[in-house]
Amino acid sequence: MVFVAVIGSKTKQITIPFAKEGKEEQLVVIFAGKGSDRIELNLSAIHRAPRTKGRITVRGVLRDRAAIRVRGLIKIEKNAQWSEDFLDGRALLLDEGAQAEILPYLEIEADAVRASHSAAVGMLDQEQLFYLRSRGLSERQAQGLLVAGFLDRAVADPWRKKIASAVEEVKAYALG
Amino acid sequence: MKKSFGGLARNYQFGFSDPEKYVFKSEKGLSPKVVEKISALKGEPSWMREFRLRALTVFEEKPRPTWGADLSGINFADIYYYLRPTDRLVGSWDAVPSTIRRTYERLGIPRAERAFLAGVKAQYESEVVYGSLKEALARQGVIFLGMDEALARYPDLVREYFGTVVPPQDNKFAALNSAVWSGGSFVYVPAGVRVALPLQAYFRINARKMGQFERTLIIAEEGSFVHYVEGCTAPVYSVDSLHAAVVEIIVKRGARVRYTTIQNWSRNVYNLVTKRAWVGAEAVMEWVDGNLGSKVTMKYPSVYLMGKGARGEVLSLAYADSGQWLDAGAKAIHAAPYTSSLIISKSVSRGGGRTSYRGLLEIQPGAEGSRSHVRCDALLLDPRSRSDTYPTMRVSERRSSVEHEATVTRVGEEQLFYLRSRGIPENEAISLVVNGFVEPIVKNLPLEYAIELNRLIELEMEGSVG
C-alpha cells in the first residue's frame, strides 16, 4: 500500500503504473486543510498490463476557508484486460467557506474490466454529534472522535494500527 | 411598409431595407455581409441584426475548445451558413445512403415519412394533424411557432428572453449560432396552463426545422407545464456537416418543463449543442437526451437552479458505433437553497466507438439543504471500444448532500450464458441486455420513440456477432 498524509497547503502528484501482469497496489491519501490552505492532488492509476488490480482512496477534512482539488484518473489501456480499479473520494467540510472540488476521471479502453468510482462531499453527521454530546463529550471531543473514525476508515482493519499516528497528526491539524 | 414573408403579412416600422432587393446567392464562408444578408432575407428588426453582428465578432475572437471531442475536421470557411430549404434537398432517393434506406425499411417507417427524413422532400403531409393542434393551443393562449415566425409576430416577447440564458459570449458555438441562427421553435405557455399533448417539432412540417443552426426558446410562466419533443430515432440524412444549435428554457416559479430529444444525425455531422434551463423557485426542469447519430456530438444539457426548491433532472443516453465520438453529459448548478438535481447517464460503445460523460455539479455557497445524485454507467460491447468519464464536483456549501457514482462494464458472461441456455440466440441476448441497460432512460421517452429505439438497438446488435 502507498500511504500519504497531506497536511496544509500542498500540491502532490502521484502516479501508480501497473506495467507488469498481475500487479496489485492500493493508494491511500488522507488530508487536512485549515485557514486559507489550498491543496491540490493529482492522482492517477495507469493500467498497461493485464490482470492488474488497484484501488485509490482519498479522505480528508477541511475547516475555515480551506479548499482542495482532487483529480483522480483511472486509465485502463487496451492491453490491460481483466484489470480492476476503484476510486473513492470523500471530503468533510467542517466550516462554511470550505470548498472541495473532486474530478474522478475514467478512461477505459478494454472491455473485460471492472472500473468504477464514487465521490461524496458533506459535513459531520449532526445526529452522531448530538449523540456523543449527550453522553457528556465536549463539542471538540465529539468532533475529534468522528473525524478520526472518518479518516481511519480509509483503510481496512488490519491496516488501521499502522496508520494510526498519521491519522492523529492529520486530525490534530484540522481540529487543534 | 407591408411585406409578405412565408405567408404572413407584417408591418415593418424599423426602417429596414426591402429584402426583395437582395438577389439570393448561396455562398460559402462567414462574414458580416453574409450575416446581414441572412437578417435582411428574413426581414428582421434591427435589434436582431445588431445582435447577430455582435455575436459574429465574439465567434471570430474565441478559439476552438481544447477539450472534448476532436473538432479539427471542421473547416469554417467551407460551409454554407444559409441555404433556402429547397437548396438543401438531396437530388433524389437514389442519392440517399443505402444504410439509411435499409434502416427505414427495417424500422417500418411509412414511405411518406422516409422521403422527408432523407431530405428528398421539403414537406411532410401532416397538415391536418398540425391544423387542429394549433387551434387547441390557441384557445389556451399557448404560442407554438417556428422561431423566425415568432420573432416577426411577437418581437417584444422574443426580445425579452432571447440570449438571456445562453449569451453569445458563452462559447464559440453559441456565438456562431447567435450570428447565423435560422429555424427552431418558440414556445410560450401562460401562467397556470398545462399543455396536455407533447409539442413535437416534427409536426411543424418545415425542412428548415432540421437545419444547422436552430434556435429554440421556451418560456413557461408560473405554474405551467409543457413537454416538448424533438428529433426521431430514425436516421436523418443531413447534407450539412456542422450543426450548432442553442436551446434556452425559462421555467418560472412552480412550473415544469420536460424537453425530450432523440438525435440520430447521419455520420458526417458535427453536432455541437448548447442547451440550458433557468429554473425558478419550486420549478422543475427535465432533460431527456438521446444521442445516437452524428460523427461527433458535444452536448451538455444544463439546469441552473436559481430559486429555492428548484429541481433539475438530466437523463442522458449515448450510443456510439464505429467512427463516432459522443461527448455528452450534464451540468447542474445549485445557486439557491433546498434545490435538488438528478443526473443519470447511460452510454454504450461498440465497434471502436467512443463515448464520454462530461459533467459539472456545482453547489454554491448559500445553497444549503441542496441534494444531488449523479450516476454514470457505461457499457462496452467489445474490446475495441472506449468509454471515458470526466465529472467535476465542486462543493462550496457543506450543508448539502452530493453523491456521485460511475461504473464501466460489459455484457457479462453469465448473463449471456443464462439467456442462451434459454434458447435465445447470441445477438438477441445482447440486445436484451443493452435494452435493459438503457431502460431507466428509455422508460421516460414517449412510447413510439421508446419502441423505435428498442428496435433500432436490436438492428444494431444484429451486426455485432461474428
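Quick caveat: nothing in here was measured; it's all calculated off a predicted structure.

Some details on the overall build of chain A
- Along its length, chain A carries three helices and nine strands.
- Put simply, chain A runs from its N terminus to its C terminus through helices and strands in the order β-β-β-β-β-β-β-β-β-α-α-α.
- In terms of overall size, chain A behaves like a compact globule, its C-alpha atoms giving a radius of gyration of 17 Å where 176 residues would be expected to give roughly 16 Å.
- Classification of the 176 residues of chain A by burial places 41% in the buried group.
- At a minimum sequence separation of 6, the contacts of chain A that also span at least 24 residues come to 77%.

Digging into the overall build of chain B
- Scanning chain B from N- to C-terminus turns up 12 helices and 21 strands.
- Sequence-distant contacts, at least 24 apart, represent 83% of the contacts inside chain B between residues at least 6 apart.

Quick notes on the environment of glutamate 368 of chain B
Residues and elements named next belong to chain B.
- Mapped onto the fold, glutamate 368 is located in the loop between strand E18 (354-363) and strand E19 (370-380).
- Residues glutamate 368 and glutamine 140 lie 228 residues apart in sequence; the distance between their C-alpha atoms is 38 Å.
- Residues within four places of glutamate 368 in sequence aside, it is in contact with Pro337, Glu397, Arg399 and Ser400.

What about the pairing of strand E4 (residues 185-189) of chain B?
Residue and element names in this part refer to chain B.
- With respect to burial, E4 is a largely interior element, five of its five residues being buried.
- The two faces of E4 match: Ser185, Val187 and Val189 on one face and Phe186 and Tyr188 on the other face are all buried.
- When strand E3 (residues 143-146) meets E4, the two strands line up antiparallel, connected through four bridges. If you follow phenylalanine 144 over to E4, its bridge partner there is valine 187.

Focus: the nonpolar core
- If you look at the biggest cluster of nonpolar residues, it comprises 165 residues, and the most contacted ones within it are Leu62 of chain A together with Ile249, Val251, Val257, Val279 and Met285 of chain B.
- The residues contacting isoleucine 249 of chain B, other than those within four sequence positions of it, are Val165, Ile218, Val257, Tyr259, Ala277 and Met285 of chain B.

So, the interface of chain A and chain B
- Each partner contributes to the interface: chain A provides 29 residues, whereas chain B provides 27 residues.
- At the level of secondary structure, the elements contributing two or more residues to the side of chain A that touches chain B comprise strand E8 (99-108) and strand E9 (114-122) of chain A.
- The element contributing the most residues to the side of chain A that touches chain B is E8 of chain A, with 10 residues.
- Each residue belonging to the side of chain A that touches chain B can be placed in one class, and the counts come to 17 nonpolar, six polar and six charged.

Concerning the environment of serine 116 of chain A
- Note on placement: serine 116 of chain A falls in strand E9.
- The class for serine 116 of chain A is buried, based on 21 C-beta atoms found within 10 Å.
- Note: C-alpha distance between serine 116 of chain A and aspartate 88 of chain A (28 residues apart in sequence) is 8.8 Å.
- With sequence-adjacent residues up to four places away left out, serine 116 of chain A is seen in contact with Phe86 of chain A together with Glu405, Ala406, Thr407 and Val408 of chain B.

Focus: helix H12 (residues 447-462) of chain B
All names here are of chain B.
- Under the 1.5 Å per step criterion, the end-to-end length of H12 is 23 Å for 16 residues, consistent within 8% with the ideal 22 Å.
- Taken residue by residue, H12 has Tyr449, Leu453, Leu456, Ile457, Glu460 and Met461 as its buried positions. Buried residues of H12 fall within an arc of 135° about the axis and therefore sit on the same side. Pointing more than 90 degrees away from the buried face of H12 are the exposed residues Leu447 and Glu448.

Points about the domain arrangement of chain B
Residue and element names in this part refer to chain B.
- In terms of domains, chain B is made up of domain 1 (2-78), domain 2 (86-413) and domain 3 (414-466).
- Those elements giving two or more residues to the side of domain 1 that touches domain 2 turn out to be strand E2 (8-11), helix H1 (32-42) and helix H2 (46-61).
- Here the side of domain 1 that touches domain 2 gets nine residues from one element, more than from any other, and that element is H2.
- Residues that form the side of domain 1 that touches domain 2 fall into these classes: 15 nonpolar, three polar and eight charged.

Quick look at the packing of H2 of chain B against helix H8 (residues 172-180) of chain B
Residue and element names in this part refer to chain B.
- It is at 7 Å that the axes of H2 and H8 come closest, and there the two elements cross at 150°. Considering their axes alone, H2 and H8 lie roughly antiparallel with respect to each other. Taken as a pair, H2 and H8 cross one another with a handedness that is left-handed. In this structure, H2 contributes Phe51, Arg52, Ala55, Leu56, Val58 and Phe59 to the contact, and H8 contributes Lys172, Ala175, Leu176, Ser178 and Ala179.
- Class assignment of the residues belonging to the contact of H2 with H8 gives a composition of eight nonpolar, one polar and two charged.

Brief notes about the packing of helix H9 (residues 413-421) of chain B against helix H10 (residues 426-437) of chain B
Residues and elements named next belong to chain B.
- It is at 9 Å that the axes of H9 and H10 come closest, and there the two elements cross at 125°. With respect to H10, the element H9 is oriented oblique. H10 is crossed by H9, and the crossing has right-handed handedness. Together, Gln415, Leu416, Leu419 and Arg420 of H9 and Glu426, Ala429, Leu432 and Val433 of H10 make up the contact between the two elements.

What about the confidence of the model for chain B?
Residues and elements named next belong to chain B.
- Looking at chain B, pLDDT values average 84 and 82% of them are 70 or higher.
- Low pLDDT, under 50, characterises residues 122-128; the stretch is placed with 13 contacts to residues that sit more than four places away or in other chains.
- For residues 203-210, every residue scores under 50 in pLDDT, and the model assigns this stretch 21 contacts once sequence neighbours within four places are set aside.

Rules of the game
One numbering rule holds for all chains: residues counted from 1, following each sequence as written. Labels are handed out in written order, letters beginning with A for the chains and numbers beginning with 1 for the ligands. Predicted model: local features are reported for residues with pLDDT of at least 70 only, side-chain atom pairs are reported and counted for 80 or more only, and whole-chain, interface and lining totals are derived from all residues. Helix numbering and strand numbering both begin at the N terminus, where a helix is a DSSP run of H or I of at least 4 residues and a strand a DSSP run of E of at least 2. The reference for a compact globule is 2.2 Å times residues^0.38; the radius of gyration itself is calculated from the C-alpha atoms. The exposure scheme places C-beta atoms from the backbone and then counts, for each residue, the other C-beta atoms within 10 Å of its own, assigning buried at 20 or more, exposed at 12 or fewer, and partly exposed in between. We call two residues in contact when the distance between their C-beta atoms, placed using the backbone, is within 7 Å. At least two DSSP bridges between two strands are needed for those strands to be called paired. In this description, a nonpolar core means buried residues of the types Ala, Val, Leu, Ile, Met, Phe, Trp, Tyr and Cys, linked to one another by C-beta atoms lying within 7 Å. Asp, Glu, Lys and Arg are counted as charged, while Ala, Val, Leu, Ile, Met, Phe, Trp, Tyr, Cys and Pro are counted as nonpolar; the rest, among them Gly, fall into the polar class. What a helix should span is 1.5 Å times the count of its residues minus one. When we speak of the arc, we mean the arc of directions from the helix axis to the C-beta atoms. Segmentation into domains, and thus their bounds, comes from an automatic or database assignment. Only the stretch in contact is used when a helix axis is fitted, and all axes are lines through C-alpha atoms; the angle between N-to-C directions ranges over 0 to 180 degrees. Note on terminology: angles under 35 degrees are roughly parallel, angles over 145 are roughly antiparallel, angles of 65 to 115 are roughly perpendicular, and the others are oblique. A clockwise turn of the near helix away from the far one marks a right-handed crossing, whereas an anticlockwise turn of less than a right angle marks a left-handed crossing. Looking at any residue, its pLDDT shows the predictor's confidence there, from 0 to 100.

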